[in-house]
Amino acid sequence: MRSLPLPLALTARLSPVAVLAAAGWALSSGPLAAPQAAEHKPADEKTGTQSASAPSTSTVSKAFTAAPAPCQSVAKKTIESLVPGAKTAGKEIPSTDSELRRTCSWNALKGYDYRWLDVSYEVMGSDEAAEKAYRESTEKNSGGGAVPGLGDSAYSVVNLTTEDKQQTREGVVVARTSNALVTVTYNGSDFESKKAPDTDTINKGAIKAAKEAVAALESEKG
């Protein structure tokens, strides 16, 4: 059987390792990064703790004090559509502060088609802190555009990477609602054709999941 190389970033995300091993795919290094929401820790640590103790109006009126359950943020039928073959319950990723930062992941390899979906919540100490983190994230993930009608502000970008002739297309949506950020990452590859899903498929899938995740967050607003 011909060996099909799998980028390292995908293998790190892919939980059914035994399936890959049985198929004989080799590991190789890849350029994709882990979910972007995790990169905002410095901003959160600086602003979240300080603003909680500072007598500011934004701290007193902040809309969210804790992150909602991310694995319950996207409808079962949406998971079945975006990540065929995945366990719809998802898997929550351990966090250093599960009250403020929570992430759920779904991934599956069905035949030769691989899909991965992340939903991350990050609650900050003020609207200003969330706005700053949102700006930093959109600057880091340049080349996309605004998503109208999603939260207070939202941004989406899709990128294609190729490693050893294997394409992977990844979409990222970042949305801000008051003092919280929602980050959705959705990507896919076909290990038989070595092609990736088209841009429209990935972008629409990421935005659909983001809309549901933002709605779940806003339902927590007291």
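Structure: above.
Quick summary incoming for the structure in this document. (Residues numbered from 1 in each chain as written. Predicted model: local features only at pLDDT ≥ 70, side-chain atom pairs only at ≥ 80, totals over all residues. Heavy atoms only, no water.)

**Here we look at helix α6 (residues 127-140)**
The terminal C-alpha atoms of α6, which comprises 14 residues, lie 20 Å apart, in line with the 20 Å expected from a rise of 1.5 Å per residue. Residues of α6 that are buried: A129, A130, A133, Y134, S137 and T138. Down the axis, α6 shows its buried residues gathered within 165 degrees of arc, on one side only. (Helix = DSSP H or I, 4+ residues; strand = E, 2+ residues; numbered from the N terminus. Expected span 1.5 Å × (residues − 1). Buried < 20%, exposed > 50% of the residue type's maximum accessible area, 1.4 Å probe, protein only. Arc of directions from axis to C-beta.)

**Description of the side chain of T138**
Position of T138 among the secondary structure elements: in helix α6. Here R135 takes part through its backbone oxygen, which lies 2.9 Å from a polar atom of the side chain of T138. (Polar contact = N/O pair within 3.5 Å; in protein donor to acceptor, adjacent residues only side chain to side chain.)

**Description of the sheet that holds strand β4 (residues 101-110)**
Sheet architecture is open: seven strands sit in the order β3-β4-β5-β9-β8-β7-β6, paired in antiparallel fashion. In the strand order of this sheet, the two ends are held by β3 (91-93) and β6 (145-146), each with one partner. Summarising the sheet, strand β5 (residues 113-123) and strand β9 (residues 180-190) pair through eleven bridges and their orientation is antiparallel. By the bridge assignment, Y121 is partnered in β9 with V182. α6 contacts β7 (153-163), β8 (166-177) and β9 of the sheet and is inclined by roughly 160 degrees relative to β8. Packing against the sheet, helix α7 (residues 199-218) makes contact with β5, β7, β8 and β9, and its axis sits at approximately 150 degrees to β9. (Pairing = 2+ DSSP bridges. Contact = heavy atoms within 4.5 Å. Axes fitted to C-alpha atoms, helices over the stretch in contact; angles between N-to-C directions.)

**Some points on unusual backbone geometry**
We note that D164 has phi near 50 degrees; this positive angle belongs to a residue other than glycine. Position of D164 among the secondary structure elements: in the loop between β7 and β8. Within the chain, S178 stands out as a residue other than glycine whose phi angle is a positive 50 degrees. Relative to the helices and strands, S178 resides in the loop between β8 and β9.

**Description of the state of the cysteines**
Throughout the structure, instances matching the rule amount to one disulfide. The disulfide bridge from C71 ends at C104, spanning 2.0 Å between sulfur atoms. Between C71 and C104 the disulfide shows an S-S torsion of about 100 degrees. By sign, it is right-handed. Of this pair, C71 sits in the loop between α4 (57-60) and α5 (76-82) while C104 sits in strand β4, and the two are 33 residues apart along the sequence. (Disulfide = S-S within 2.5 Å.)

**Quick notes on the nonpolar core**
Buried together is how nonpolar side chains tend to be arranged in soluble globular proteins. In terms of nonpolar packing, the biggest core is built from 33 residues, with W106, L117, Y121, L150 and V184 touching the most fellow members. Of all elements in the fold, only α5, β4, β5, β8, β9 and α7 reach the threshold of two or more residues within this core. For this core, the leading source of residues is α7, giving nine residues. Leave out the neighbours within four places in its chain, and L150 touches V173, A175, A210, K211 and V214. Grouped together as the second largest cluster of nonpolar side chains are ten residues, A129, A133, Y134 and V172 included. (Core = buried A, V, L, I, M, F, W, Y, C linked by side-chain atoms within 4.5 Å.)

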